[in-house]
Amino acid sequence: MPGIDECLIEVMRLPGARGAAVVDWTSGLALGTIGESPNGDHEATAAETAEVARMAAEQPVFAQAALSSGPPAPAVEDVIVTTAPGYHILRFVETAFDSSVFLHLWLDRAEGNLALARIRLGEIVDRLVLA
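These remarks concern the structure in this document. Residue positions within a chain follow its written sequence, with the count starting from 1. A pLDDT threshold of at least 70 governs which residues receive local features in this predicted model, and a stricter bar of 80 or more applies before side-chain atom pairs are shown or counted, although totals over entire chains, interfaces and linings include all residues. Side-chain metrics rest on all non-hydrogen atoms present in the structure, leaving aside hydrogens and water.

The numbering of helices and of strands both runs from the N terminus, where a helix is a DSSP run of H or I of at least 4 residues and a strand a run of E of at least 2. Across its full length, the chain carries four helices and five strands. Across the chain, the fraction of contacts at a sequence separation of at least 24, relative to all contacts at a separation of at least 6, is 51%. Areas reported here follow the Shrake-Rupley algorithm with a probe of radius 1.4 Å; residue values treat only the protein chains shown as occluding. With an accessible surface of roughly 7100 Å², the chain has 56% of that area assigned to carbon and sulfur atoms. Note on definitions: a residue-residue contact is assigned when non-hydrogen atoms from the two residues lie within 4.5 Å.

Another point: the side chain of D108. Structurally, D108 can be placed in strand β5 (residues 101–108). Within the structure, D108 has its side chain in polar contact with the backbone nitrogen of E111 (distance 2.9 Å). What qualifies as a polar contact is a pair of N or O atoms within 3.5 Å, subject to a donor-acceptor requirement within protein and to the restriction that residues adjacent in sequence count only when both atoms come from side chains.

Before going further, it helps to spend a moment on the packing of helix α1 (residues 4–11) against helix α4 (residues 114–127). Axes here refer to lines fitted to C-alpha atoms; in helices the fit is confined to the stretch in contact. Angles between the N-to-C directions go from 0 to 180 degrees. In contact at an axis separation of 10 Å, α1 and α4 are set at 165 degrees when each is read in the N-to-C sense. Considering the angle they form, α1 stands roughly antiparallel to α4. In the crossing of α1 with α4, the sense of the turn from one axis to the other is right-handed. On α4, the residues that touch C7, E10 and V11 of α1 are R120, L121, I124 and R127. Under the scheme applied here, ten amino acids are nonpolar (Ala, Val, Leu, Ile, Met, Phe, Trp, Tyr, Cys and Pro), four are charged (Asp, Glu, Lys and Arg), and all others, including Gly, are polar. In terms of residue class, the contact of α1 with α4 is built from four nonpolar, no polar and three charged. Comment on the angle field: the value is read as roughly parallel under 35 degrees, roughly antiparallel over 145, roughly perpendicular from 65 to 115, and oblique elsewhere. For any helix crossing, the convention is left-handed if the near helix is rotated counterclockwise from the far helix by under a right angle, and right-handed if that rotation is clockwise.

Turning to the side chain of T49, a few remarks are in order. In this fold, T49 is placed in helix α2 (residues 42–57). With residues up to four places along the chain from it excluded, the contact list for T49 reads V23, L90, F102 and H104.

Let us now look at the sheet that holds strand β1 (residues 17–24). What makes two strands pair is DSSP finding at least two bridges between them. The strand order across the open sheet built from five strands is β2-β1-β5-β4-β3, with neighbouring strands paired in antiparallel fashion. Edge positions in the open sheet fall to β2 (29–35) and β3 (78–82), since each of these has one partner strand only. In this sheet, neighbouring strand axes are inclined to one another by 15 degrees on average, regardless of whether the strands run parallel or antiparallel. In terms of strand pairing, β1 meets β2 through six bridges, oriented antiparallel. Counted as the bridge partner of A20 is I34 from β2. Seen against the sheet, α2 touches β1, β2, β3, β4 (86–93) and β5 and runs at an angle of roughly 120 degrees to β2.

Residue position: C7 is located in helix α1. By relative accessible area, which is 2% here, C7 ends up buried. Here C7 is in contact with P2, I124 and L128, once residues within four sequence places are set aside. Relative accessibility thresholds used throughout: buried, under 20% of the residue-type maximum; exposed, over 50%; partly exposed, between the two (1.4 Å probe, protein chains only).

By secondary structure assignment, the location of M12 is in the loop between α1 and β1. Considered as a pair, M12 and L105 are 93 residues apart in the sequence and their alpha carbons are 8.6 Å apart. Other than its neighbours up to four places away in sequence, M12 contacts A17, R18, G19, A20, I34 and G35.

In short, the description is geometric, and any link to function would need to be established separately.
See the structure below:
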């Protein structure tokens, strides 16, 4: 079971990956970072993306999806923000405890593959161990 550093290294192997971070969306703190940051400051980026993650995760309209029958699932799996030069994918991490952690990937639009990145991020966070 890989930890934060190993997962971040694996994320950076995705085509077009520019930078990544594991962030606590409650505090806005980066638990680990790698590569570039869109604004040149990983801590500022973590705080800014935490605001987006918190807004999505706490909205009742998105929580309705979790009320369906079947096994419990997170209300929000991921958030994708598209910009002219790239994509920002915020993938929420499920844990045994009350988790407020997500993986942020900054993906170059010309070199990356959004569908592949989304699938691979799901696989990576499923194996992520937070201690």
